[in-house]
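# Fold and contact review
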Amino acid sequence: MSDNMNDMDQMQLFNDQGRLLNAGLPDEEKALFCDAAPQVDAPYRGIWEKFLNWARSESLWILGFGTGCGAIELRPLMTSRYDMYQYGVQPRPTPRQAGLFIIGGYASVKTMKRIVRSYEQMQGPKFVLGLGSCTVNGGMYWDSYNTINRLDHYIPVDVYIAGCMPRPEALLAGINELKKLIKDGKGENANKYAENFEWYKGNQKKIIKDWNMPDYNW
Amino acid sequence: MLTSILTKALYTLISFFVILNYSLLLLGTMARVRAKVQGRIGQPVWQPYIDIIKNNARRSGVTHGIMFYLGPVFRLAGGLGTYFFIPVIFGSKIFANFSFSGDVLLVMYFIFFGQLGMALGAGESGHPYSPIGVARGLAQMTAFELPFSLAVIAVAAQYGSFSITEIVAAQQGGWQNWVAFTNPFAMAAGMLAFLGMSMNNPFSIVIAPQEIPIGPPTEMHSSFLGMLQTNRAIFNGAKMVLFMNLFFGGAAHPNIFIALGIMIMKTFLIYLYVVFVGVSFPRFRTEQSIRFFLGVPTLLGLIAVIQQMI
Ligand code: SF4
C-alpha cells in the first residue's frame, strides 16, 4: 500500500466503469489482478435445484480454519468415535474445492485478512459455520483490542454454534442444521455476499488496516 | 458399414456405462473397507456419485488459461484411451472395445499420457503446490514404469504377442495357465508397480493432503474437479482390467453375465490388495519410493525377462 493513501481512498471500491479500484495494490501490480466484483449466480428452479441442493448438502467438504482454540474440536470429527464421513462430510485442504468454511473460534484482525481471502477463493454456493462463542459475539475476547466480535459483519455466516468450546456433538448438530438449510434452499449466502459486497468490504476495510491485496480475491 | 459403426458405438457406450458405474461403486466400497479398518462406519457406498454431482453443480468457476482447461480434458482422454483399447471380457463383442494387435503398447502410452496432460494444466494454475505434486508424481512414475515395462515385456515375450486379446487367449483353460503361475516373477513385478500406479499408501506422496494440499489438482474445482473424479473412476477400472488381463487370465465365459461376474470378482480382489497394502503401511517419501521401485520390483522384472530369453 502506498503511504500517502488515506483511509477514504481505501474505502472507495469502484471506478466509473463499475470495475474494482484495487486501491490497496501498488500501481505496477494492478494489472496482475482481476478487477471484477462477485456476481450473483441465480439458482435453478423447481425439482432440479432441489436435487442439486440435496447433493450439496450430502457432500460437504470442509475447509477448516483453526483460527482459535475451539478448532481443537474439529479433529475428533474425523476419528472413529464421531466419524463425519458417514454424513458425507470430509476435510478438503484447498479453498477451491471446499464448500463449507468452518471458522474455529476467535478471529484476530490478522487472521481476518486470511479468512476473507480464503472465503472469496471458494466457489459458490459456499457455506460458513461459526464455531464457538467468539464468532457469535466475541466470547471471552469481546473487549480484546485485536479480535473481531461478530463474524457475520465480515462474511455471511449460515450457522453459529455457541459454546466455549462446543463439543464435537454440537458441531455435528450444527452441520446437520446446515444440511437442512441447504435442502430448504436457504444456503444462498454466496449470493448475499455478492449483493451486499460494498457493505461487507466496508466492514472488512474498517478493521484490516494494511489492505495490500485485491478488493476481491478470485 | 453404417450399421456396423452404429453397433460398435452402442457397444462402446454400454462398455463405458458399465465400467463407470462399477468403478464408482468400487471406489465407494473401498472407502468403506478403509473405514472398517479404522473402526469407523464410513461414507455411503454411493458417495462418489454425490461428490461428482455436487462438484458439477457448483455455480462458479475460475480459469487460469487454456492449458488449465485442457488439463482435465487430457486426463480424461488418458483414462478413456486406456480403457477403450483393453478388451474387458474375452470373446465378447460388446466388451471387446477397440482392442487390436499391439494394443498393450498403446495402453502403456495412454496410462502416462493423462499424467503429462495434467502436469501442464496444473502448471498453469500457478499454485506453487501443484508443480511440487507434479514433480513428485512424475518422479515416482518414472520409477515404477521400469518394473511395469519389464513385466509387460516378459509377458509379451512369453506369448510372442503385443495383443492383450492374444495374451488372454493364451491363458485360458484353467488357473494353472495364468501368467501369475506360468511367469510369477513378471506378475510380482507388475503387481508391485501397480501399487505405485494407484497412488494409494505408501505411494500417496503425490497428493499428500497434509503437506501440499492435494498436489496437482490443488486449484482444480467445480466441473474441472468433477471431470477429474469421473476420470479417476474410469482410469482405476481400466488399470484393474488391464492387470486382470495380463496376469490373471482375464474374464472369459460364454454367458456374458457370468463373465462380468468373474471380471468384478477378480478386479475387486486386485483392488482389495492395493487397499490392504495401503492401510498397512505408512506413506513413503518420494526418494524412498523411487529407491523401492528401482530395487526389488525392478530385479523381479529383470529376472522375468531373462527367464524368457533362456
Ligand atoms: S469460544 Fe472459547 S473455545 Fe472457542 S475460540 Fe473462543 S475462547 Fe476459544
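Residues numbered from 1 in each chain as written. Chains lettered and ligands numbered in written order. Predicted model: local features only at pLDDT ≥ 70, side-chain atom pairs only at ≥ 80, totals over all residues. Heavy atoms only, no water.

Chain B has the name NADH-quinone oxidoreductase subunit H in an unreviewed UniProt entry, where Spirochaeta isovalerica is given as its organism. What the UniProt record of chain B gives under Subcellular location (unreviewed entry) is the line "Membrane". (UniProt positions renumbered as here; feature names shortened; annotations may be inferred.)

Looking at an unreviewed UniProt entry, one finds chain A named NADH-quinone oxidoreductase subunit B, with Spirochaeta isovalerica as its source organism.

## Remarks on the overall build of chain B
A tally of regular secondary structure across chain B gives 12 helices and zero strands. Taken against the 2.2 N^0.38 rule, which gives 19 Å for 310 residues, the C-alpha radius of gyration of chain B at 19 Å falls within 12% of a compact globule. Along the three orthogonal principal directions, the C-alpha set of chain B runs to about 55 × 50 × 40 Å. Looking at chain B as a whole, 53% of its 310 residues qualify as buried. Taking all contacts inside chain B whose residues are at least 6 apart in sequence as the whole, residues at least 24 apart take part in 79%. Only carbon and sulfur atoms are counted for the fraction: they give 74% of the accessible area of chain B, which is about 12,900 Å². The distance from the centre of the 17 positive side-chain charges to the centre of the 8 negative ones in chain B is 11 Å. (Helix = DSSP H or I, 4+ residues; strand = E, 2+ residues; numbered from the N terminus. Rg over C-alpha atoms; globule rule 2.2 N^0.38 Å. Buried < 20%, exposed > 50% of the residue type's maximum accessible area, 1.4 Å probe, protein only. Contact = heavy atoms within 4.5 Å. Areas by Shrake-Rupley, 256 points an atom, 1.4 Å probe, with all protein chains shown as cover. Lys, Arg positive; Asp, Glu negative; His and termini not counted. Charge placed at Lys NZ, Arg CZ, Asp CG, Glu CD.)

## A few points about the interface of chain A and chain B
In this complex, chain A contributes 33 residues to the contact, which on the side of chain B involves 31 residues. Together chain A and chain B conceal approximately 2,600 Å² of surface at their shared face, both sides included; 54% is due to carbon and sulfur atoms. Summed over the three residues of chain A that lose the most area to chain B, namely Arg96(A), Gln97(A) and Gln123(A), the buried surface amounts to 23% of that side. At the boundary of chain A and chain B, one finds four salt bridges. Between Glu49(A) and Arg59(B) there is a salt bridge, with the nearest N and O atoms lying 2.8 Å from each other. Here chain A is connected to chain B by 20 residue pairs in polar contact (both at pLDDT 80 or more). Looking at which element gives the most residues to the side of chain A that touches chain B, the answer is helix H3 (residues 46-58) of chain A, with seven residues. Taken together, the residues of the side of chain A that touches chain B break down into 13 nonpolar, 12 polar and eight charged. (Buried area = accessible area lost by both parts, 1.4 Å probe. Salt bridge = Lys/Arg side-chain N within 4 Å of Asp/Glu carboxyl O. Polar contact = N/O pair within 3.5 Å; in protein donor to acceptor, adjacent residues only side chain to side chain. Nonpolar A, V, L, I, M, F, W, Y, C, P; charged D, E, K, R; others polar.)

## A closer look at the packing of aromatic side chains
Overall, the coordinates contain 34 aromatic pairs over all chains when judged by the stated rule. Taking 5.6 Å as the distance between ring centres and 40° as the angle between the ring planes, the aromatic pair formed by Phe203(B) and Phe292(B) counts as tilted. Note that Phe203(B) is positioned in the loop between helix H8 (184-197) and helix H9 (222-247) and Phe292(B) in helix H11 (residues 286-294), a separation of 89 residues in sequence. Geometrically, the ring pair formed by Phe247(B) and Phe248(B) is edge-to-face, given 6.5 Å between the ring centres and 80° between the ring planes. The burial state of Phe247(B) is the same as that of Phe248(B); both residues are buried. An aromatic cluster is defined as three or more aromatic residues linked by ring pairs; in this entry it consists of Phe148(B), Trp175(B), Trp178(B), Phe181(B), Phe194(B), Phe243(B), Phe247(B) and Phe248(B). Stacked on the ring of Tyr119(A), the Lys or Arg Lys126(A) has its end atom at 4.4 Å from the ring centre. We note Lys8(B) situated over the ring of Phe98(B); from NZ or CZ to the ring centre the distance is 5.1 Å. (Phe/Tyr/Trp six-rings, centres within 6.5 Å; stacked < 30°, edge-to-face > 60°. Lys NZ or Arg CZ within 6 Å of the ring centre and 35° of its normal.)

## Let's talk about the site of the ligand
All names here are of chain A. Every residue close to the ligand is listed here: Cys 69, Gly 70, Gly 105, Tyr 106, Gly 132, Ser 133, Cys 134, Met 140, Tyr 141, Gly 163, Cys 164 and Met 165. Structurally, the ligand is housed in the largest cavity. Its residues assigned to classes, the shell around the ligand comprises seven nonpolar, five polar and no charged. (Near = heavy atom within 4 Å. 1 Å grid on protein atoms, 1.4 Å probe; cavity = no way out; pocket = protein on both sides within 12 Å on 5 of 7 lines; lining within 4 Å. Sits in = over half its atoms within 2 Å of the grid points.)

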